[in-house]
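Summary of structural features
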Amino acid sequence: MDLVLKDLHWNSVLAYLDICVLGKSFQDHFNNLREVFTRLRAFRLKLKPRKCELFRKETKLLDCAIGAELIQIQEEEEKVIAYGSFTLTPLQRRDCTTRKELLAIVRFTNHFRHYLLGSEFTV
């Protein structure tokens, strides 16, 4: 899914176990949906209709996983080097947002350590 939605991820799409398409207005949301559907079709991927909910104003985001992107600045442009994700245990799912964010920092700093060692980085 990272390959299919690579330049949309975190801008107009959140993708982990499900795909959540974002938009600031109805038209913006519609355009983003069209782009996601086009890419899914190009890669011959299918959706499960029973899991699809279109044009929702609100949704409860999946609270069972954390994720991170490793970004490097190349030629004054941000490039995604790697993605990481981790499924939370039932005990970790009950933690407050701050603790989950701290867990993500610790987990993914360790996960990407081979890229980060000896370099200055921003969290």
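Now for a quick tour of the structure. (Residues numbered from 1 in each chain as written. Predicted model: local features only at pLDDT ≥ 70, side-chain atom pairs only at ≥ 80, totals over all residues. Heavy atoms only, no water.)

1. Quick look at the side chain of Lys-100
With respect to the helices and strands, the residue Lys-100 is situated in helix 3 (residues 97-111). Excluding residues that lie within four positions of it along the chain, Lys-100 makes contacts with Asp-63, Ile-66, Leu-88, Gln-92, Arg-93 and Asp-95. (Helix = DSSP H or I, 4+ residues; strand = E, 2+ residues; numbered from the N terminus. Contact = heavy atoms within 4.5 Å.)

2. Quick notes on helix 1 (residues 26-42)
Compared with an ideal rise of 1.5 Å per residue, which puts 17 residues at 24 Å, helix 1 spans 24 Å between its outermost C-alpha atoms and is within 8% of the ideal. All of the buried residues in helix 1 are His-29, Asn-32, Leu-33, Val-36, Arg-39 and Leu-40. Angularly, the buried residues of helix 1 cover 130° about the axis, an arc narrow enough to put them on a single face. For helix 1, exposure combined with an orientation more than 90 degrees from the buried face picks out Arg-41 and Ala-42. The first or second residue beyond helix 1 is Arg-44, which carries a positive phi of 55°. (Expected span 1.5 Å × (residues − 1). Buried < 20%, exposed > 50% of the residue type's maximum accessible area, 1.4 Å probe, protein only. Arc of directions from axis to C-beta.)

3. Some details on the layout of surface pockets
One water molecule sets the probe size; rolling that probe over the atoms shows where empty space is left. The computed volume of the second largest pocket comes to approximately 770 Å³. Within the residue set of the lining of the second largest pocket, elements represented by two or more residues are strand 3 (65-74), strand 4 (77-87), helix 3 and helix 4 (113-116). (1 Å grid on protein atoms, 1.4 Å probe; cavity = no way out; pocket = protein on both sides within 12 Å on 5 of 7 lines; lining within 4 Å. Points joined across faces, edges and corners; volume = space filled by probe spheres on them.)

4. Structural notes on the environment of Lys-6
Its location among the elements puts Lys-6 in the segment before strand 1 (13-15). Exposure remark for Lys-6: the relative accessible area of 52% places this residue in the exposed category. Put simply, Lys-6 and Val-80 are 74 residues apart on the chain and 8.6 Å apart in space, counted from C-alpha to C-alpha. In this view, Lys-6 contacts Arg-39 and Tyr-83; residues no more than four positions away in its chain are not counted.

5. Examining a nonpolar patch on the surface
Residues Phe-26, Phe-30, Phe-37, Leu-47, Leu-54 and Phe-55 make up a contiguous nonpolar surface patch of roughly 560 Å² in combined accessible area. Assignment of secondary structure puts Leu-54 in the loop between helix 1 and strand 3. (Patch = residues over 30% accessible without salt bridge, like charges linked within 9 Å, V, L, I, M, F, W, Y side chains within 5 Å. Areas by Shrake-Rupley, 256 points an atom, 1.4 Å probe, with all protein chains shown as cover. Salt bridge = Lys/Arg side-chain N within 4 Å of Asp/Glu carboxyl O.)

On their own, these measurements won't tell you what the molecule is for.
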